[in-house]
Amino acid sequence: MQKKWLWVLVGIIVFLSIGGFLQQPEIVPIVKKIPVPQSQPQLETRNVNNTLLVNGDQLFAHVQKLNFRRYSQRERSLTRTYITNELRKFGWQPKLEKFPDGVNIFTQKLGTDKTAGAILVAAHYDTVPDSPGADDNATGIAVVLEIARLFSSVSTPKTLQLAFFDQEETGLLGSKAFVNQPAHLENLQGVIIMDMLGYACYTPGCQQYPAGLPVTPPSDKGDFLAVVGDLENLQLLNVFQNSSENLPKILKVPIPFKGLLTPDTLRSDHAPFWYQGIGAVLVTDTANLRSPHYHQPSDIPENIQRDFFTGSSQIIVNATSSLLAEKSVKKSPPAS
């Protein structure tokens, strides 16, 4: 009898030991991993020729993050939050400038020569009601932000000013409000306005042209970047030079009589500057003269031609660098 209980006791001990060995580990609740904030990666900003280089991934990331309609007050407010946060990340101090119908964003980085004046680079940030506006004009916003990144630690003789205009789609209201402030026009030597930079087409006949264009179009393919300026400020146009690098071709369009004979060339935020006597150029992929997605729900990041967009952005950065390095922008005499 004692042996029987002895074996029972041994069996219990063995069973408990095996049970402990096979016991499931303690179930730890799954906790969502929270990424540790890290500093921004240092992107290469110059090539061997000391040229500031745009980052295509950075540019397209801005377009993707702005992939929403920017029409209502709430939507435009969200856009302003994104833009101002990005500017602050690059060390800029943006200011919100309210006007009756909207809010512009303005910031500047002072140059080393107080007598050299300023260059303004700008784009509108609103959209029409039914379009997310990837090309019109998230591409323009992205390039202004990329210029903010590239020039954040670069000293230049001229002051670099950046602006994001509201309510362009409702009648250029933001840029009109901007030029109506005399302080904004003091010492302003030139303006680069960007409006749609990311769509290219390569089939014959895909590019149209407005009537009365004062230059001969290079082809009926939409593989070039158009730069539109007024005849009184040819120096600004001439800063945009075709390059031997793998960049889009440039079509320079000098406009006489401030566009009175070619109203199609007055549809963006450069026009209010022209009427104030300030030299300004519009840089564009020609909008509805090329793109079937103009003001459509299909104006989404997937329809941006990334190589063309990156190349167009590099052209604008090159021109901005040249303008900022000049001591002054001399006006060309009006054509006789």
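(A) Representation of the packing of aromatic side chains within the structure. Under the defined criterion, the tally for this structure stands at five aromatic pairs. An angle of 65° between the planes, with centres 5.3 Å apart, marks the rings of Phe165 and Phe178 as edge-to-face. Of the two residues, Phe165 is situated in strand S4 (residues 159-165) and Phe178 in helix H5 (residues 173-179); the sequence distance between them amounts to 13 residues. Each member of the pair Phe165 and Phe178 is classed as buried.

(B) Broad picture of the environment of Glu232. Tracing the sequence through the fold places Glu232 in the loop between strand S6 (224-230) and helix H7 (234-238). For Glu232, a relative accessible area of 37% gives the class partly exposed. It is 8.9 Å that separates the C-alpha atoms of Glu232 and Gly277, two residues lying 45 residues apart in sequence.

(C) Region of the structure containing the pattern of salt bridges. This structure, assessed with the given rule, holds 10 salt bridges. Measuring nitrogen to oxygen at the nearest pair gives 3.1 Å for the salt bridge that ties Arg306 to Asp57. In this pair, Arg306 sits in helix H9 (residues 306-325) while Asp57 sits in helix H2 (residues 56-65), placing the two residues 249 residues apart along the sequence. For Arg306, a relative accessible area of 37% corresponds to the partly exposed category. Overall, the relative accessible area of 56% leaves Asp57 in the exposed class. Between Glu86 and Lys89 there is a salt bridge whose closest N-O contact spans 2.9 Å. Within this pair, Glu86 and its partner Lys89 are both found in helix H3 (residues 73-89), separated by three residues, close to a single helical turn. Among the residues examined, Glu86 registers a relative accessible area of 8% and is labelled buried. A residue is classified by how much of its surface remains accessible, and Lys89, at 41% relative accessible area, is partly exposed. Linked through salt bridges whose partners overlap, the residues forming this network are Arg76, Arg80 and Asp166.

Cut-offs used in this document
- Residues numbered from 1 in each chain as written.
- Predicted model: local features only at pLDDT ≥ 70, side-chain atom pairs only at ≥ 80, totals over all residues.
- Heavy atoms only, no water.
- Phe/Tyr/Trp six-rings, centres within 6.5 Å; stacked < 30°, edge-to-face > 60°.
- Helix = DSSP H or I, 4+ residues; strand = E, 2+ residues; numbered from the N terminus.
- Buried < 20%, exposed > 50% of the residue type's maximum accessible area, 1.4 Å probe, protein only.
- Salt bridge = Lys/Arg side-chain N within 4 Å of Asp/Glu carboxyl O.

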